[in-house]
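# Remarks on the overall topology
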Amino acid sequence: MGIKLDVNCLDHAIKLVNGSQLHLLKAISMVVEPAEQVAIVGASGSGKSTLLSLLAGLESQQQGSINYLYNNELLTEINDISGFVFQHFHLLPELNALQNVALPMLLKGMKGAEQHAFEKLRLVQMEAQAMQPVTKLSGGEQQRVAIARALCSEPKIMFADEPTGNLDQSTAEQVFEHMQKGARAAGTTMIVVTHDLNLAAKLDKIYHLENGELRL
Ligand SMILES: Nc1ncnc2c1ncn2[C@@H]1O[C@H](COP(=O)(O)OP(=O)(O)O)[C@@H](O)[C@H]1O
Ligand SMILES: [Mg+2]
């Protein structure tokens, strides 16, 4: 089962070079249950990426708290058990699909890394292209490789920032479906930032970020 996320009164302002502040997030509160899949939607520039980075612990917040609970136990950090899917896939161009997916596991010295990677590629229906250099793959295929890589660590929570933002509508739907299926299979909690309301509607809950506030 996935992680429960409990966010209380998160408040975040960015200090700008001219000395003024950009008050992006004001008293954000949300609860995401284990294995729940939620969307965060909002206009461009509303602070979605900033919020997701805070939730994923990639940035630190100024005020408020973010609690991660696993089996009712409070976790102090989640780096090892979370996955992140970026809008730009961040694949290594000199490697093939399988190597890209297996690499993080190989670096950790995990046994059976390649077989594990192959299974995740199968889950996103990319097993036929496993040996292809990623530069030969389409955008949708590359994003599926990136999703397979994120799923490989069997994350207890997965964060995705516009994971289908660079794809056409039908490819976006397919990729999204694979991602949802992978997360459901593993019971992974999933938080997806998207501006695509059609995709957001496929998730369990939709949060709207507007004027620094988050509403259901
Ligand atoms: N470190 C920063 N310094 C200055 N401005 C920033 C910084 N981070 C984000 N911003 C600005 O804050 C706004 C919101 O950013 P972001 O979280 O990326 O929004 P979204 O993902 O919803 O488009 C944008 O206008 C962006 O340029
Ligand atoms: Mg963004």
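My aim in this report is to walk through the structure given alongside it, one point at a time. Residue indices follow the written sequence of each chain, beginning from 1 at its first position. Following the order in which they are written, the chains are lettered starting with A and the ligands numbered starting with 1. Note on the predicted model: pLDDT of at least 70 is required for a residue's local features to be given, and 80 or more for side-chain atom pairs to be given and counted; whole-chain, interface and lining totals, by contrast, use all residues.

### With respect to unusual backbone geometry
If you check the backbone angles, H90 has positive phi at about 55° while not being a glycine. Helix and strand labels come from DSSP, where a helix needs a run of H or I of at least four residues and a strand needs a run of E of at least two; each type is numbered from the N terminus. One can find H90 in the loop between β6 (82–85) and α2 (97–107). On the basis of neighbour counts, which here come to 12 C-beta atoms within 10 Å, the residue H90 falls in the exposed class. Positioned with a positive phi, E162 is a non-glycine residue whose angle comes to about 45°. Turning to its location among the elements, E162 is positioned in the loop between β7 (157–161) and α5 (169–186). By the C-beta count within 10 Å, which is 20 here, E162 ends up buried. Any residue surrounded by 20 or more other C-beta atoms within 10 Å of its C-beta is treated as buried, while 12 or fewer makes it exposed and the intermediate range makes it partly exposed; C-beta atoms here are placed from the backbone.

### Notes on helix α3 (residues 113–123)
Those residues of α3 lying buried are A113, A117, K120 and L121. For α3, the buried positions fall inside an angular range of 105° around the axis, keeping them on one side. Next to the buried residues of α3 lie α2 and α4 (139–152). The arc refers to the directions leading from the helix axis to the C-beta atoms. We call two residues in contact when their backbone-placed C-beta atoms lie within 7 Å.

### Details of the sheet that holds strand β8 (residues 189–193)
Sheet architecture is open: 6 strands sit in the order β6-β7-β8-β3-β9-β10, paired in mixed fashion. Strands at the two margins of the open sheet, each flanked by one partner only, are β6 and β10 (213–215). Within the sheet, the average angular offset between the axes of one strand and its neighbour, ignoring direction, is 20°. Against the sheet, helix α1 (residues 48–55) contacts β3 (37–41), β7, β8 and β9 (205–210), and its axis sits at roughly 155° relative to β8. The rule for pairing is simple: two strands pair if DSSP sees at least two bridges between them. Only the contacting stretch of a helix is used when fitting its axis, a line to C-alpha atoms as for every element, and angles between N-to-C directions run 0 to 180 degrees.

### Overview of the environment of A183
Among the structural elements, A183 can be located in helix α5. As a C-alpha pair, A183 and K156 span 27 residues in sequence and 9.1 Å in three-dimensional space. Non-local contacts of A183, meaning those with residues more than four positions away in its chain, are made with Q37, M158, T188 and M190.

### Observations concerning the environment of L98
If you trace the backbone, L98 turns up in helix α2. Under the C-beta neighbour-count criterion, L98 is labelled buried, with 24 such atoms within 10 Å. In the structure, L98 is positioned 26 residues away from V124 in sequence and 12 Å away in space, judged by C-alpha atoms.

### Comments concerning the site of ligand 1
For each residue, a C-beta atom is positioned from the backbone; the residue is called near a molecule or strand if that atom sits within 6 Å of it. Close to ligand 1 lie I14, L16, L22, L24, G42, S44, G45, S46, G47, K48, S49 and T50, which account for all nearby residues. When residues of the shell around ligand 1 are traced back to their parent elements, those giving at least two are β2 (21–32) and α1. Element by element, the count of residues in the shell around ligand 1 is highest for α1, at 3 residues. Throughout this entry, Asp, Glu, Lys and Arg are counted as charged residues, while Ala, Val, Leu, Ile, Met, Phe, Trp, Tyr, Cys and Pro are counted as nonpolar. The remaining residues, Gly among them, count as polar. Classifying every residue of the shell around ligand 1 by side-chain character gives 4 nonpolar, 7 polar and 1 charged.

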